[in-house]
Amino acid sequence: MATSKQHKRNSEGRERSRVAWIVVAIAVLALCAGVAWWTRKPQSSHDQPGRDAAPPASAAAELAPAEQERALRAEQLKTVERLVAAFPQSDDAVYLLGLVHNEQGDTAAAMKFWQRSLELDPSRADANDSLGNALLLRDEYEKAEEYFRKALAIDPGLATANARLASTLIHQGKMREAASILEKPRSLNAEGHRLLGEAYQNLGEFEKAKASYMKAVALNSDLTEAYYGLSKVLNRLGEREQAEKYFQTFSVLRERAEERGRQVRANYDTMAITQKSVAQTHTDAGRVYVKAGRLREAEGLWLKAAELDPKNSLCRLQLAVIYQQTGKHREAMKYYEEIATADFNDALVQLNMGRVWMKLNDTERAEQAFAQAIRLAPDQPESHSNLAELYLQARRNLAEAVALAETAVKLAPEAKYYALLGQAYAMSNDRAGALAAFNRAIELQPDNRQYVQFRTMLLEKP
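Each value, and the rule that gives it
- Residues numbered from 1 in each chain as written.
- Predicted model: local features only at pLDDT ≥ 70, side-chain atom pairs only at ≥ 80, totals over all residues.
- Heavy atoms only, no water.
- Helix = DSSP H or I, 4+ residues; strand = E, 2+ residues; numbered from the N terminus.
- Buried < 20%, exposed > 50% of the residue type's maximum accessible area, 1.4 Å probe, protein only.
- Contact = heavy atoms within 4.5 Å.
- Areas by Shrake-Rupley, 256 points an atom, 1.4 Å probe, with all protein chains shown as cover.
- pLDDT = per-residue confidence, 0-100.
- Core = buried A, V, L, I, M, F, W, Y, C linked by side-chain atoms within 4.5 Å.
- Axes fitted to C-alpha atoms, helices over the stretch in contact; angles between N-to-C directions.
- Parallel < 35°, antiparallel > 145°, perpendicular 65-115°, else oblique.
- Left-handed = near helix turned anticlockwise from the far one by under 90°.
- Nonpolar A, V, L, I, M, F, W, Y, C, P; charged D, E, K, R; others polar.
- Expected span 1.5 Å × (residues − 1).
- Phe/Tyr/Trp six-rings, centres within 6.5 Å; stacked < 30°, edge-to-face > 60°.
- Lys NZ or Arg CZ within 6 Å of the ring centre and 35° of its normal.

Scanning the protein chain for helices and strands turns up 26 helices and zero strands. Looking at the 462 residues of the protein chain, the share that counts as buried comes to 48%. Once local pairs closer than 6 in sequence are excluded, the contacts in the protein chain between residues at least 24 apart make up 52%. Counting every atom, the protein chain has about 23,400 Å² of accessible surface; 50% of that belongs to carbon and sulfur.

The phi dihedral of Asp139 falls on the positive side, at around 65 degrees, and the residue is not glycine. One can find Asp139 in the loop between helix H8 (125-137) and helix H9 (141-154).

Moving on, we come to the confidence of the model for the protein chain. Put simply, the protein chain has an average pLDDT of 88, and 86% of its residues get 70 or more. The weakest mean pLDDT in the protein chain belongs to helix H3 (residues 35-40) at 33; the strongest belongs to helix H7 (residues 107-120) at 98. Across residues 1-13, where pLDDT falls below 50, the model places 17 contacts with residues more than four positions away in sequence or in other chains.

Right, let's talk about the side chain of His101 for a bit. Mapped onto the elements, His101 comes out in helix H6 (residues 91-103). In this structure His101 touches Leu77, Asp106, Ala109, Ala110 and Phe113, once residues within four positions along its chain are discounted.

All right, on to the environment of Gln324 then. Along the polypeptide, Gln324 turns up in helix H18 (residues 313-325). The buried category is assigned to Gln324, whose relative accessible area is 18%. Beyond its immediate chain neighbours, meaning those up to four positions away, Gln324 contacts His329, Ala332, Tyr336, Asn352, Arg355 and Val356.

It is worth spelling out the nonpolar core at this point. Core analysis: the biggest nonpolar cluster contains 129 residues, and Leu83, Trp114, Tyr336 and Met353 have the highest contact counts within it. The element contributing the most residues to this core is helix H24 (residues 415-427), with nine residues. Beyond its immediate chain neighbours, meaning those up to four positions away, Trp114 contacts Tyr95, Gly98, Leu99, Asn102, Ala127, Ser130, Leu131 and Ala134.

Quick look at the packing of H24 against helix H25 (residues 431-444) now. Where H24 meets H25, the closest approach of the two axes is 8 Å, and the angle between their N-to-C directions is 165 degrees. It follows that H24 is roughly antiparallel to H25 by the angle criterion. H24 and H25 meet at a crossing whose hand is left-handed. Taken together, the residues of H25 that come into contact with H24 (itself represented by Ala415, Tyr418, Ala419, Leu421, Gly422, Gln423, Tyr425 and Ala426) are Gly433, Ala434, Ala437, Phe438, Arg440, Ala441 and Leu444. Grouping the constituent residues of the contact of H24 with H25 by class yields eleven nonpolar, three polar and one charged.

With 13 residues, H8 should reach 18 Å at 1.5 Å per residue; the first-to-last C-alpha distance of 18 Å fits that figure. Those residues of H8 that sit buried are Ala125, Asp126, Ala127, Asn128, Asp129, Ser130, Leu131, Gly132, Asn133, Ala134, Leu135 and Leu136.

For helix H17 (residues 295-308), which comprises 14 residues, the first-to-last C-alpha distance of 20 Å matches the rise-based estimate of 20 Å (1.5 Å per residue) to within 8%. By the criterion of burial, H17 is predominantly enclosed, with eleven of the 14 residues buried.

Take the packing of aromatic side chains next. Two aromatic rings are characterised by how far apart their centres lie and by the angle between their planes. In the structure shown here, the tally under the stated rule is eight aromatic pairs. With a centroid separation of 6.2 Å and 35 degrees between ring planes, the pair formed by Tyr95 and Trp114 is classed as tilted. Of this pair, Tyr95 sits in helix H6 while Trp114 is found in helix H7, placing the two residues 19 residues apart along the sequence. In terms of burial, Tyr95 and Trp114 fall into one category: buried. For the cation-ring pair, Lys245 lies above Tyr246, with the distance from its terminal atom to the ring centre recorded as 5.3 Å.

Laid out in structure tokens, this is it:
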């Protein structure tokens with residue numbers, strides 16, 4: 001059970017920066033000058049990270065379960081040690097090495113590496129938050145408070161640090177400070193409302209405590225501790241009947257939680273936890289390699305991650321992006337479809353699937369994907385413009401293409417969208433509208449020769 005809690009804490013630590021990492025990866029891949037060379041040159045064993053690490057998952061499967069886990073954990077640690085050896089001044093690599101040590105139960109080593117990552121980049125809110133959490137778990141509340149405050153000074157919106165700082169303050173009896181911390185965020189999760197209720201309860205502000213506990217159970221009807229706090233507060237307010245009701249709910253939930261705990265312990269799949277953890281490490285390490293332009297190493301690690309964890313969407317997204325950027329459209333589509341199968345409501349994935357289907361000359365599927373992207377994210381101009389381009393290329397649905405291009409311009413009045421609108425007007429025989437749109441595109445981007453040439457053609461057209 002302790003291992004499960006540890007894994008959950010580390011997963012939370014990694015989750016905070018994933019969206020930013022995706023943006024970095026896409027930008028680096030789009031700008032990397034060596035992409036074409038990478039697609040042609042065969043890989044050698046010297047280019048593969050982990051070539052002296054544990055055997056791949058297919059070979060490791062022949063080992064006994066305990067040996068498989070040890071081999072995977074050894075591979076996990078070696079992967080990040082090689083990463084730090086390759087990039088000793090990378091605060092990302094050093095921070096990740098700290099995460100792996102923490103994942104494997106060596107908190108002291110983890111804290112040293114997180115300290116080192118802060119020496120390399122003092123602006124890391126996540127490193128301060130991780131250090132604070134390690135100290136919180138050691139009941140070193142004053143030191144933990146110091147790091148949480150540093151984290152929040154860097155990133156005031158860091159939800160984990162806000163909640164953990166409040167918990168640290170409550171442990172120190174600083175209830176008013178804890179309440180002030182939790183009152184600042186515009187939105188709290190269920191646990192945040194529970195903590196705020198606990199702070200108000202200790203301050204004797206029972207009506208406020210009741211309101212906070214009620215919000216907590218409304219957001220999470222299984223939050224056992226909130227029902228207990230609510231029953232105590234209602235007793236203090238003289239609402240005995242309601243207090244008894246919530247105490248009974250607490251008792252039922254506690255019994256259920258104990259039963260679930262027994263079932264988890266009886267059926268605990270340590271191998272699945274290990275595979276998921278190692279896959280996440282490979283995913284994170286791959287992002288460091290790609291940030292440095294070393295795409296082949298990144299690809300190798302993401303392929304391992306995908307093999308280890310069928311539910312790891314991030315490594316699949318990274319693979320899809322590099323294959324899309326390097327013209328390996330079938331490979332890209334394979335991973336986009338795997339992501340879409342798990343979550344059909346990701347607008348970015350649907351948009352990229354549409355673009356890849358266009359490259360594969362399947363306009364019907366491309367149209368479906370672009371339409372789905374618009375439904376999921378109607379305020380994003382790219383989906384509107386891509387579907388408009390599809391219709392213009394196919395020379396059909398021209399009225400709809402014009403409407404889509406107009407929407408793109410309204411959402412983002414940029415030169416490229418005005419130029420698209422100009423093309424749509426021109427193909428719909430609206431010469432005046434086309435000229436006006438291209439004039440605006442040229443105003444925004446006067447050095448674009450294509451826009452100037454297209455306008456010249458419109459002016460010369462009888």
